[in-house]
Amino acid sequence: MKIGASTSCFYPLETEKALQKVCDLGFERAEVFMNAYSELDEGFAAELNRIVKDSPTEIISVHPFSSFLESTCIFGDYQRRYNDFIGIYEKTCHSAALLGAKYVVIHGAVAKPKIPIPDERYFERFLKLIEIGKREGVTVCQENVNRFKSESIAFCKKMREALGSEYNMVFDIKQSVRAGEEPFEFLNEFINEIRHVHISDNGAEGDCLPPSKGSFDFARLKDTLDAAGYKGDCVIEIYSKSYDVSKELGESKTYLEKLWQM
């Protein structure tokens, strides 16, 4: 298991500059959060590959910029709109393949859209995303996200039942806390489907703190993952609003490496 960081930690810094910072900090894994349609171009992927080429960093996953569109444009009830927008995900999966990433991370539909989205349609459309990923050799994963359908253990269990072996998950600690779901209950339920973990700390000062700044039990996390034979990685994802991000990420990396004896 390797420790990584998401470029989203540095938002709104440009994606390529954020990736450079992740590399400079010596992380072995990076998640690239795309922030614009133009960043899906092959030329941009080549630029990102130049950044990681001489670093210890491997890009493990890609997050599409278009999460805010998914409820109405991917999972909504207007077929032509779906037809118009599905190309974004074709380009995202192609970009992930060019970057050598294993996973594309999907938020999905909000939990309470103005026009209800039947679970059956959601699962059918998600399978379409999975098929697109397979053509590029990448795995499309559902992330648990607060205020989205995937926020609850109950919905994710239903999705797993519908998708079977095609169901894969990225588990996010802060999102489970925000949704009122106990993180270790979520983790234990889907341990066999989780491909990598978004980590952050939480406590009295907030629900998205740098690791070591709250009260989350990271030793228990490591033990739980090890006991299950987990083969994925842990990617730090915090938000830059109130942090000296490079300093906090560096300190979090050192803390986790020492705690986990890496």
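Quick caveat: nothing in here was measured; it's all calculated off a predicted structure.

A. Fine view of the pattern of salt bridges. Taken as a whole and assessed by the stated rule, the structure comprises 18 salt bridges. The shortest N-O distance in the salt bridge between lysine 17 and glutamate 14 comes to 3.7 Å. For lysine 17, a relative accessible area of 44% gives the class partly exposed. Glutamate 14 sits in the partly exposed class, given a relative accessible area of 38%.

B. Geometry of unusual backbone geometry. With an omega of 10 degrees, the peptide bond between tyrosine 11 and proline 12 qualifies as cis. With respect to the helices and strands, the residue proline 12 is situated in the loop between β1 (3–6) and α1 (15–24). In this model, arginine 147 sits at a positive phi of 70 degrees, which is unusual for a non-glycine residue. Within the secondary structure layout, arginine 147 lies in the loop between β5 (139–143) and α6 (153–163). With relative accessibility at 61%, the residue arginine 147 sits in the exposed group. If you check the backbone angles, serine 212 has positive phi at about 100 degrees while not being a glycine.

C. Molecular detail of α6. Turning to α6, its buried residues number three or more, namely Ile153, Phe155, Cys156, Met159, Arg160 and Leu163. The buried residues of α6 occupy one face: seen down the axis, they fall within an arc of 160 degrees. Seen from the open side of α6, the exposed residues pointing more than 90 degrees away from its buried face are Ala154 and Glu161.

Rules used throughout
Residues numbered from 1 in each chain as written. Predicted model: local features only at pLDDT ≥ 70, side-chain atom pairs only at ≥ 80, totals over all residues. Heavy atoms only, no water. Salt bridge = Lys/Arg side-chain N within 4 Å of Asp/Glu carboxyl O. Buried < 20%, exposed > 50% of the residue type's maximum accessible area, 1.4 Å probe, protein only. Helix = DSSP H or I, 4+ residues; strand = E, 2+ residues; numbered from the N terminus. Arc of directions from axis to C-beta.

The analysis is restricted to geometry; functional conclusions fall outside its scope.
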